[in-house]
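Residue-level structural notes
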Amino acid sequence: MLRVTVLVSGGGTNLQAIIDSVNNGTIKNTKLVGVISNNAGAYALERAKKADIPAFVISPKDYESREIFNDALLAKVKELDTDLVVLAGFLVRIPEKMVHEYSHRIINIHPSLIPSFCGVGYYGLKVHEAALAKGVKVSGATVHFVDEGMDTGEIIFQKAVEVKEDDTPETLQRRIMEEAEWKLLPAAINKIALNS
Ligand code: GAR
């Protein structure tokens, strides 16, 4: 069984897609061992609780320095005996020490076709605002391994999604979630679980 810890910051629709996929057998050979949020108000925490997954808040605000926060995050991931860390809308930079200790064992979902609209400053709705400002006709989502850079790790899956004439950042975000993110992230976890 692949032991998966999911890191979240917000609404947790990608977390929900993972929970549903484990429950309906789309993701095999996997146990969700914990959900960690940096944000105490994240609705993702409620989703974890409803699914009986242990949920934890580890916020930089609660620690004296970023280094102590980084250590606390890594310690919790280790305590959960994690095989794979999944970043599902986690908006905090992963500590370098954790990237090294979990090399090729951390994956992230990003709401664009990397290398477009990614890197520092591109997260959440900002990604879709930038895509619409550029006038691209196709966007999408990418699941990739996490390395030392920002959105630079090896790509696992990508899916293109059409941009419509009358899209707003919100409608584009929603379509990319529905058509790409909620499928790609479970598929990537399943792929890793079957190879582990
Ligand atoms: C998702 O669209 C995810 O791709 C994005 O944040 C959203 C989280 O939604 N992640 C990033 O922008 C990472 N750079 P969710 O909390 O409903 O899953």
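Residues numbered from 1 in each chain as written. Predicted model: local features only at pLDDT ≥ 70, side-chain atom pairs only at ≥ 80, totals over all residues. Heavy atoms only, no water.

Scanning the protein from terminus to terminus reveals six helices and seven strands. Listing each helix as α and each strand as β along the protein from the N terminus yields β-α-β-α-β-α-β-α-β-α-β-β-α. For a compact globule of 196 residues, the expected C-alpha radius of gyration is about 16 Å, and the protein comes in at 16 Å, within 12% of that figure. Once the C-alpha set of the protein is aligned to its principal axes, its extents read approximately 50 × 40 × 30 Å. Going through the 196 residues of the protein one by one, you find that 48% of them count as buried. Excluding contacts between residues fewer than 6 apart, the proportion of contacts in the protein whose partners are at least 24 apart in sequence is 65%. The protein carries 22 positive and 25 negative side-chain charges, and their two centres are separated by 3 Å. (Helix = DSSP H or I, 4+ residues; strand = E, 2+ residues; numbered from the N terminus. Rg over C-alpha atoms; globule rule 2.2 N^0.38 Å. Buried < 20%, exposed > 50% of the residue type's maximum accessible area, 1.4 Å probe, protein only. Contact = heavy atoms within 4.5 Å. Lys, Arg positive; Asp, Glu negative; His and termini not counted. Charge placed at Lys NZ, Arg CZ, Asp CG, Glu CD.)

In the vicinity of the ligand lie 14 residues, with Gly12, Thr13, Asn14, Gly124 and Glu181 positioned nearest. Between an oxygen atom of the ligand and a main-chain N or O atom of glycine 12, the distance comes to 2.7 Å. At 3.3 Å, a side-chain N or O of histidine 110 approaches a nitrogen atom of the ligand. For the ligand, whose free accessible area comes to 450 Å², the fraction covered by protein is 91%. Residues that form the shell around the ligand fall into these classes: five nonpolar, eight polar and one charged. (Near = heavy atom within 4 Å. Polar contact = N/O pair within 3.5 Å; in protein donor to acceptor, adjacent residues only side chain to side chain. Areas by Shrake-Rupley, 256 points an atom, 1.4 Å probe, with all protein chains shown as cover. Nonpolar A, V, L, I, M, F, W, Y, C, P; charged D, E, K, R; others polar.)

So, about the pairing of strand S5 (residues 106–110). Across the five residues that make up S5, a large majority, five, are buried. Side-chain alternation along S5 places Ile106, Asn108 and His110 on one buried face and Ile107 and Ile109 on a second face that is also buried. Judged from the three bridges that link them, strand S4 (residues 84–87) and S5 form a sheet pairing that is parallel. What sits directly across from valine 85, in S5, is isoleucine 106. Inspection of the sheet shows S5 paired to strand S6 (residues 138–145) by four bridges, in the antiparallel sense. Across the sheet, residue histidine 110 finds its bridge partner in S6, namely threonine 142. (Pairing = 2+ DSSP bridges.)

So, on to helix H3 (residues 66–79). The terminal C-alpha atoms of H3 lie 20 Å apart, and with 14 residues this matches the ideal 20 Å at 1.5 Å per residue to within 8%. Three or more residues of H3 are buried, namely Phe69, Asn70, Ala72, Leu73, Leu74, Lys76 and Val77. For H3, the elements touching its buried residues are strand S1 (2–8), strand S2 (30–37), strand S3 (55–57), S4 and helix H4 (96–101). Where H3 terminates, the next one or two residues include aspartate 81, which has phi positive at roughly 55 degrees. (Expected span 1.5 Å × (residues − 1).)

Once that is clear, we can look at the side chain of asparagine 38. Mapped onto the secondary structure, asparagine 38 falls in the loop between S2 and helix H2 (43–50). In contact with asparagine 38, other than residues within four places in its own chain, are Val8, Ser9, Ile58, Ser59, Pro60, Phe90 and Val92.

Summarizing the sequence annotation, UniProt attributes the feature "binding site: (6R)-10-formyltetrahydrofolate" (unreviewed entry) to Arg66 and Asn108 in the numbering used throughout. Among the secondary structure elements, arginine 66 is positioned in helix H3. The class of arginine 66 is partly exposed, set by a relative accessible area of 45%. The residues contacting arginine 66, other than those within four sequence positions of it, are Pro60 and Val92. Its location among the elements puts asparagine 108 in strand S5. Judged by relative accessible area, asparagine 108 falls into the buried class, the value being 9%. Those residues in contact with asparagine 108 that lie beyond four places of it in its chain are Leu87, Thr142, Val143, His144, Val146 and Asp151. (UniProt positions renumbered as here; feature names shortened; annotations may be inferred.)

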